[in-house]
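Secondary and tertiary structure notes
Now for the letters of each chain:
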Amino acid sequence: MDSENPIHVQDKIKVFGGLQLAVSHPSAACRCDMRFSIYLPPARKGMKLPVLYWLSGLTCTDENFLVKAGAQRYAAAHGVAIVCPDTSPRGEGVPDAPDNAWDLGSGAGFYVNATQAPWSTHYHMYDYVVSELPALVEQHFPVEPGLRAISGHSMGGHGAITIALKNPGRYRSVSAFAPICAPSRCPWGEKAFGAYLGEDRERWLDHDACALIAQARERLPLLVDQGDADAFLREQLMPERLEAACREADYPLTLRMQPGYDHSYYFIATFVGDHIEHHARALQAAS
């Protein structure tokens, strides 16, 4: 273990021939202890694995996806590691919403670097996901630095798409389940961006997928699944705005509206195999 970048493996469970680990570490980006989960599929000794970063949604932790989605079965079959960060900094001294709101503060970091008090000291989830976490994972685990993919759900879908768009060359593929497509125009995004980034709406566009698509310097095929029975579809998620932005920018989007599916992990579990296959193909082509 590197004393300058220590990690602590809190839990280790065998699943589908691989290992599911829970890991904690001190974070320089978030200035607190952070936790992430990583699934390592069965692999030959000395083999470096491609890795999928999964960003979860509001109220979630690093555990939700790996406990509920059944993704390890597909990750083992395709030989892809999965890394799931927490959705916000937590712990003593880390601010939370004053009214204990579930859509701001703890569990709701929105994958941005906060610039406004009291959030700006700890809420640097963008830097954590883009830079600090991959460096730590690549230092301590058998993953290939050049073979990264990114995906997520809801708030995490927003994070996955915007992070991929803002970092050309860093990821080989991107996908999302029910992403918040236009956070600068929906209640969840307006609340979070106003708190974390301030009232200048022009600054919000730097973390809005629909705005970033027009500036994209890279064309990663984007797979999005959205349930048409999702209670948040019209007010919060707005996939039609993403579809229009991609059409205008000639960006390769596959948007699959899934009849009868909602916003839950039942929806994710149904289609997660397709997403892991989507990423595995891209990662294999790049290897």
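Calculation rules
- Residues numbered from 1 in each chain as written.
- Predicted model: local features only at pLDDT ≥ 70, side-chain atom pairs only at ≥ 80, totals over all residues.
- Heavy atoms only, no water.
- Helix = DSSP H or I, 4+ residues; strand = E, 2+ residues; numbered from the N terminus.
- Rg over C-alpha atoms; globule rule 2.2 N^0.38 Å.
- Buried < 20%, exposed > 50% of the residue type's maximum accessible area, 1.4 Å probe, protein only.
- Contact = heavy atoms within 4.5 Å.
- Core = buried A, V, L, I, M, F, W, Y, C linked by side-chain atoms within 4.5 Å.
- Phe/Tyr/Trp six-rings, centres within 6.5 Å; stacked < 30°, edge-to-face > 60°.

1. Some details on the overall build of the protein
Of regular secondary structure, the protein possesses 10 helices and 9 strands. For the protein, the C-alpha radius of gyration of 18 Å lies close to 19 Å, the compact-globule estimate for 287 residues. Judged by the C-alpha coordinates and their principal axes, the protein covers about 50 × 40 × 35 Å. Buried positions account for 57% of the 287 residues belonging to the protein. In the protein, the share of contacts with a sequence separation of at least 24, taken over all contacts with a separation of at least 6, comes to 72%.

2. A word on the nonpolar core
One finds Phe36, Phe65, Ile82, Tyr196 and Leu242 to be the most contacted residues of the largest nonpolar core, which totals 99 residues. Those residues within four positions of Tyr196 in sequence are excluded, and the remaining contacts are Leu104, Gly105, Ala108, Gly109, Phe110, Val112, Ala114, Thr115, Gln116, Trp119 and Tyr123.

3. Notes on the packing of aromatic side chains
Evaluated as defined, the whole model comprises 14 aromatic pairs. Pairing Phe36 with Phe141 gives two aromatic rings, centres 6.4 Å apart and planes at 85 degrees, and the pair type is edge-to-face. In this pair, Phe36 is assigned in strand 3 (residues 32-40) and Phe141 in the loop between helix 3 (125-140) and strand 6 (143-152), connecting sequence segments 105 residues apart. Neither Phe36 nor Phe141 differs from the other in exposure class; each is buried. Each ring, one from Phe110 and one from Phe193, has its centre 6.0 Å from the other, and the planes form 75 degrees; the classification is edge-to-face. With Phe110 in the loop between strand 5 (81-85) and helix 3 and Phe193 in helix 5 (residues 187-197), this residue pair connects regions lying 83 residues apart in the sequence. The burial state of Phe110 is the same as that of Phe193; both residues are buried. Aromatic ring contacts, followed pair by pair, group Trp54, Phe65, Phe177, Tyr261, Phe267 and Phe271 into a single cluster.

4. A look at unusual backbone geometry
Residue Pro118 is reached from Ala117 by a cis peptide bond, and omega for that bond is 0 degrees. Along the polypeptide, Pro118 turns up in the loop between strand 5 and helix 3. Positive phi, close to 60 degrees, is recorded for Ser154, a residue that is not glycine. Within the secondary structure, Ser154 sits in the loop between strand 6 and helix 4 (155-166).

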